[in-house]
Amino acid sequence: ATYSGTTVQEAAVDEADHVKNDGTHIYLVKGRTLRVINAYPLGNLAQVGGAALPGEAGQLFLHDGHAIVCSAADCGSAVSVFDVRDPANPVLRYARYFDGRLQASRMIGWRLHLVLSNGVWYGAPAPQHETDAQRVARFLPNVRRQPWEAGVELLSSASVLHPKGYD
């Protein structure tokens, strides 16, 4: 049996969808759920598996027996990787939470590229004793293993260029 995959705009670059298929199963993200549907043979059409997502599903990739879901979580954006080699029992293998809203994503091999927007909030003035690096670090996006834990910077403050006198 043959099946059609995602229309590819650039060779080896996968684009996200809400629906993917592997020829036998359809993988669908909607709301806060990943659904796995047995689609072949057609007489066996039925949902066979599923998993809860940490936020509203936005983008889905299917790669090497894994469903990679990007979703809008309360704390920003979430990436969840499910092992779906047993489609009836998706198993969460990896979850990370990122500051910022997901704008776009692409996958090249196992590498997921995310474009996030993270607005800068200027609240109370920075403490006088704060260094330039500390000031910049307050505005850099973080990645977390749990939604509200202390994060790890995605970029170092040294990698940010800004004009002198930016404060």
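Keep in mind it's a predicted model, so treat the numbers as computed, not measured. (Residues numbered from 1 in each chain as written. Predicted model: local features only at pLDDT ≥ 70, side-chain atom pairs only at ≥ 80, totals over all residues. Heavy atoms only, no water.)

Focus: the overall build of the protein
For clarity, the cut-off: By the criteria applied, helices consist of DSSP H or I runs no shorter than four residues and strands consist of E runs no shorter than two, each listed in order from the N terminus. Relative accessibility decides the category of a residue: with a 1.4 Å probe and only protein chains considered, values under 20% of the type maximum give buried, values over 50% give exposed, and everything between is partly exposed.
Helix and strand counts for the protein stand at one helix and 13 strands. Counting from the amino terminus, the protein carries its helices and strands in the arrangement β-β-β-β-β-β-β-β-β-β-β-α-β-β. Relative to its full complement of 167 residues, the protein shows a buried share of 32%.

Considering the sheet that holds strand E3 (residues 25–30)
Note: strands within a sheet are paired through backbone hydrogen bonds, in either parallel or antiparallel orientation. Selection criterion: Any two strands with at least two DSSP bridges between them are considered paired. Axis angles are defined between N-to-C directions and span 0 to 180 degrees, where every axis is a line fitted to C-alpha atoms and, for a helix, only to the segment in contact.
As summarised here, the arrangement of the four strands in space is E2-E3-E4-E5, forming an open sheet in which the pairing is antiparallel. Because the sheet does not close on itself, it has two edges, and the strands there are strand E2 (19–21) and strand E5 (46–52). On average, adjacent strands in this sheet sit at an angle of 20° to one another, irrespective of strand direction. The pairing of E3 with strand E4 (residues 33–38) spans six bridges and is antiparallel. From the neighbouring strand, Val29 faces E4, where its bridge partner is Leu34.

Some words on the nonpolar core
The condition is simple: Residues enter a nonpolar core if they are buried and are Ala, Val, Leu, Ile, Met, Phe, Trp, Tyr or Cys, with the set joined through side-chain atoms within 4.5 Å. Note on contacts: a residue pair qualifies if any of its non-hydrogen atoms lie within 4.5 Å across the two residues.
Counting twelve residues, the largest nonpolar core consists of Tyr27, Val29, Leu34, Val36, Ala51, Leu53, Ala57, Leu60, Ala67, Val69, Phe82 and Val84. Residue assignment for this core shows that the elements contributing at least two residues are E3, E4, strand E6 (56–63) and strand E7 (66–73). If we skip the residues at most four places from it in the chain, Ala51 touches Arg32, Thr33, Leu34, Phe82 and Pro90. Formed by eight residues, the second largest nonpolar core is a distinct cluster that contains Ile68, Cys70, Val79 and Met107.

Structural notes on the confidence of the model for the protein
Worth spelling out the cut-off: Note on scores: pLDDT gives the predictor's confidence for each residue, bounded by 0 and 100.
In the predicted model, the protein carries a mean pLDDT of 84, and 83% of its residues have values of at least 70. For the protein, the element scoring lowest by mean pLDDT is helix H1 (residues 132–137), at 72; E4 scores highest, at 96.

Description of the pairing of E6
As judged from the seven bridges shared by E6 and E7, these two strands associate in the antiparallel manner. Within E7, the position partnered with Leu60 by the bridge is Val69. Between the antiparallel neighbours E6 and E7 lie two residues, among them Asp64 with a positive phi of about 50°.

A few points about the environment of Val69
Tracing the sequence through the fold places Val69 in strand E7. Along the primary structure Val69 and Ala57 are separated by twelve residues, whereas in three dimensions their C-alpha atoms are 6.9 Å apart. Once residues within four sequence positions are removed from consideration, Val69 is found in contact with Val29, Leu53, Ala57, Gln59, Leu60, Ala78, Val79, Ser80 and Phe82.

A word on the pairing of strand E8 (residues 76–83)
With respect to burial, E8 is a largely interior element, eight of its eight residues being buried. Where E7 meets E8, eight bridges bridge the pair, whose relative direction is antiparallel. Bridging across to E8, Ala72 finds its partner in Ser77. Hairpin connection between E7 and E8: a loop of two residues separates the two successive antiparallel strands.

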